[in-house]
Amino acid sequence: MSVVTWTIAPEPVNSPAAAALWRAYYTEVSDRWYLLHEGRRTDPAELKREIAAGAGAELAPPTGQLLIARYDGTPAGTAGVRLLDAERAELTRVFLREEMRGRGGAALLVAAAEDAARALGARRMILDTRSDLVEARALYARLGYTENGRHNDDPYAEHWFGKPLR
């Protein structure tokens, strides 16, 4: 019997795996928002426009890092880190494909992102999320993130978290 394993490694933001995972991420979080607030899914033209606008350049070295998780070699998820200043990094684009959830990959992705933030010199990780993303909020709390005050003016952010990086 073979053992299926997770691997997590940096990857260019414009790689085919990163592009496919970003599309899946944006489709899911956008559809969830529109279904909750407007009773519809994301318009395909809007999806295309938003994906193009959020190409992820801020997640490239030397001040950022995009991590891709693979499950048994198959691209399964992402996490991004970007250095905001000498002390803080932001965790963003944490995502696992639905069929890969419940296998421990999210905690591994966040731990790898924390390591990447430390390597960039950060001493604190911050992030934001929405109220309807209850799974994300539960994950961050379980991993030691505490809710704190607003640190940005993102119109979709409703909860802000932070964690010291030791």
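Since we're looking at a predicted model, the values are computed, not measured. Here the residue index of a chain counts from 1 through its sequence in written order. It should be noted that, the model being predicted, local features are given only for residues of pLDDT at least 70 and side-chain atom pairs only at 80 or more, the latter also being counted only at that level, while totals for whole chains, interfaces and linings use all residues. Excluded from the side-chain calculation are hydrogens and water; included are all heavy atoms of the structure.

**Quick word on the overall build of the protein chain**
Then, in step 1: In this text, helices come from DSSP runs of H or I with a minimum length of four residues, and strands from runs of E with a minimum of two, each type numbered from the N-terminal end. Each helix and strand counted, the protein chain has four helices and seven strands in total.
Then, in step 2: Overall, the protein chain shows an N-to-C arrangement of helices and strands of β-α-α-β-β-β-α-β-α-β-β.
Then, in step 3: The quantity called the radius of gyration is restricted to C-alpha atoms. Its globule counterpart is 2.2 Å times the number of residues to the power 0.38. A compact globule built from 166 residues would reach a C-alpha radius of gyration of about 15 Å, and the protein chain, at 15 Å, matches this within 12%.
Then, in step 4: Viewed in the frame of its principal axes, the protein chain has a C-alpha envelope of about 50 × 45 × 30 Å.
Then, in step 5: Relative to its full complement of 166 residues, the protein chain shows a buried share of 41%.
Then, in step 6: In the protein chain, once contacts between residues fewer than 6 apart in sequence are set aside, the share between residues at least 24 apart is 63%.
Then, in step 7: Per-residue and other accessible areas follow the Shrake-Rupley method at a 1.4 Å probe size, with only the shown protein chains counted as cover for residues. Element-wise, carbon and sulfur atoms account for 54% of the exposed surface of the protein chain, whose accessible area totals about 9,000 Å². Categorising residues by exposure relies on relative accessible area from a 1.4 Å probe, with only protein chains included: less than 20% of the type maximum marks a residue as buried, more than 50% marks it as exposed, and the intermediate range marks it as partly exposed. Only heavy atoms enter the contact rule, under which two residues are in contact if any of them lie within 4.5 Å.

**A look at unusual backbone geometry**
Of all residues except glycine, most have a negative phi; of all peptide bonds, most are trans.
Then, in step 1: A cis amide bond links Pro61 to the next residue, Pro62, at an omega of 15 degrees.
Then, in step 2: Following the sequence through the fold, Pro62 ends up in the loop between helix H2 (44–53) and strand E2 (64–71).
Then, in step 3: With phi around 55 degrees, Asp72 is a residue other than glycine that occupies positive phi space.
Then, in step 4: With respect to the secondary-structure elements, Asp72 resides in the loop between E2 and strand E3 (74–83).
Then, in step 5: At Arg93, a residue that is not glycine, the phi angle is positive and equals roughly 55 degrees.
Then, in step 6: Note on placement: Arg93 falls in strand E4 (residues 88–96).

**What about the pairing of E3?**
Then, in step 1: When DSSP finds at least two bridges between two strands, those strands are taken to pair. The pairing of E2 with E3 spans eight bridges and is antiparallel. Along E3, the bridge assignment pairs Leu66 with Gly80.
Then, in step 2: Where E2 hands over to E3, the hairpin turn is made up of two residues, of which Asp72 adopts a positive phi near 55 degrees.
Then, in step 3: Pairing analysis gives six bridges linking E3 to E4, with the strands arranged antiparallel. Within E4, the residue paired with Thr78 across the bridge is Phe95.
Then, in step 4: Between the antiparallel neighbours E3 and E4 lie four residues.

**Side note on the packing of helix H1 (residues 16–38) against H2**
Then, in step 1: Helix axes use the C-alpha atoms of the stretch in contact, all axes being lines fitted to C-alpha atoms, and the angles between their N-to-C directions lie in the range 0 to 180 degrees. Where H1 contacts H2, the two axes come as close as 10 Å, and the packing angle between them is 125 degrees. The orientation of H1 with respect to H2, classified from their angle, is oblique. Here H1 runs over H2; the crossing is right-handed. In this structure, H1 contributes Trp22, Arg23, Tyr26, Thr27 and Tyr34 to the contact, and H2 contributes Glu46, Leu47, Glu50 and Ile51.
Then, in step 2: Residue classes follow a fixed rule: Ala, Val, Leu, Ile, Met, Phe, Trp, Tyr, Cys and Pro count as nonpolar, while Asp, Glu, Lys and Arg count as charged, and any other residue, Gly among them, counts as polar. Broken down by class, the residue content of the contact of H1 with H2 amounts to five nonpolar, one polar and three charged. Convention used here: angles under 35 degrees read as roughly parallel, angles over 145 as roughly antiparallel, angles from 65 to 115 as roughly perpendicular, and any remaining angle as oblique. By convention the crossing between two helices is left-handed if the near helix lies anticlockwise of the far one by an angle smaller than a right angle, and right-handed if it lies clockwise.

**Quick look at the packing of helix H3 (residues 105–119) against helix H4 (residues 134–142)**
Then, in step 1: The N-to-C vectors of H3 and H4 enclose an angle of 60 degrees; their axes lie 11 Å apart at closest approach. On the basis of their axis angle, the class for H3 and H4 is oblique. Handedness of the H3/H4 crossing: right-handed. Where H3 abuts H4, its residues Ala106, Ala107 and Val110 lie against Leu139, Tyr140 and Arg142.
Then, in step 2: Residues that form the contact of H3 with H4 fall into these classes: five nonpolar, no polar and one charged.

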